[in-house]
Amino acid sequence: MSKRVPFVIKKIEYCPECGAELVIRNGAHGPFYACSCYPSCQYLRSLKTQGDGYIVKELDGQICPKCGFTLVLRQGRYGMFIGCSHYPECEHTELIDKPDDTSINCPQCQQGKLLQRKSRFGKTFHSCSCYPECQFTLNGKPVSGECMFCHYPLLIEKRSSQGVKLFCASKLCSKQQFNEIEKENE
């Protein structure tokens, strides 16, 4: 049983090395272009588009700091980003949504600050700025303060149907913090 390509390409392309016609072949990683004079010419080219992303919109008035050409909004394999219009000659890129820099010190190493980051699945978390040395991470939003039970120097903000509540950031404690008004009502 032969494998068939699920699409038809009507445009005939020629090999840039020997000038022979390019044909579509199937490999372990999917279809690709190959030279029809195969053993003598071993030219190959992927059918997939390149991973540098396609241009969504040109950003008028914004200039690349490296080369001076205009910046464009691109869609890449990891989402949207801003890049130079003269890619690959100029490889300047910028993030669209820059991470929030908190002024809260890391409770584990006491040297770094907690930074907002994104996981490979797109979820936000906070981690220490001294990452390889200190591997402290939080899934919630950090709030400066001290736990009233274990005196851990960091709290986490959690949102629920009852509103925003503060909890201890220590995995050993994790108790809800009460403010003075809530203590009087109980």
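Remember, predicted model here, so these are calculated numbers, not experimental data.

Draft legend 1. Expanded view of the sheet that holds strand β7 (residues 93–94). Across the sheet, which stays open at both edges, the four strands sit in the order β4-β5-β6-β7 with antiparallel pairing between neighbours. A single partner strand is all that each edge strand has here, and the edge strands are β4 (54–63) and β7.

Draft legend 2. How the structure looks around the pattern of salt bridges. Counting across every chain of the model gives two salt bridges. Taking the shortest distance from any N to any O, the salt bridge between R159 and E157 comes out at 3.4 Å. On the basis of relative accessible area, R159 is assigned to the exposed category, the value being 66%. In this structure E157 comes out as buried when scored by relative accessible area, which is 19%.

Draft legend 3. View of the environment of S129. Tracing the backbone through its elements, the reader meets S129 in the loop between β10 (124–128) and β11 (137–138). We classify S129 as partly exposed; its relative accessible area is 35%. Setting aside its immediate chain neighbours within four residues, S129 contacts G112, K113, L115 and R117.

Draft legend 4. Geometry of unusual backbone geometry. One non-glycine residue with positive phi stands out, namely Q110, at about 65°. As for its placement among the helices and strands, Q110 is situated in the loop between β8 (101–105) and β9 (113–118). A relative accessible area of 52% places Q110 in the exposed class. Phi at H151 takes a positive value of approximately 60°, unusual for a residue other than glycine. For H151, the position within the fold is in the loop between β12 (141–144) and β13 (154–160). For H151, a relative accessible area of 52% puts it in the exposed group.

The rules behind these values
- Residues numbered from 1 in each chain as written.
- Predicted model: local features only at pLDDT ≥ 70, side-chain atom pairs only at ≥ 80, totals over all residues.
- Heavy atoms only, no water.
- Pairing = 2+ DSSP bridges.
- Helix = DSSP H or I, 4+ residues; strand = E, 2+ residues; numbered from the N terminus.
- Salt bridge = Lys/Arg side-chain N within 4 Å of Asp/Glu carboxyl O.
- Buried < 20%, exposed > 50% of the residue type's maximum accessible area, 1.4 Å probe, protein only.
- Contact = heavy atoms within 4.5 Å.

Interpretation in functional terms is not warranted from these geometric data alone.
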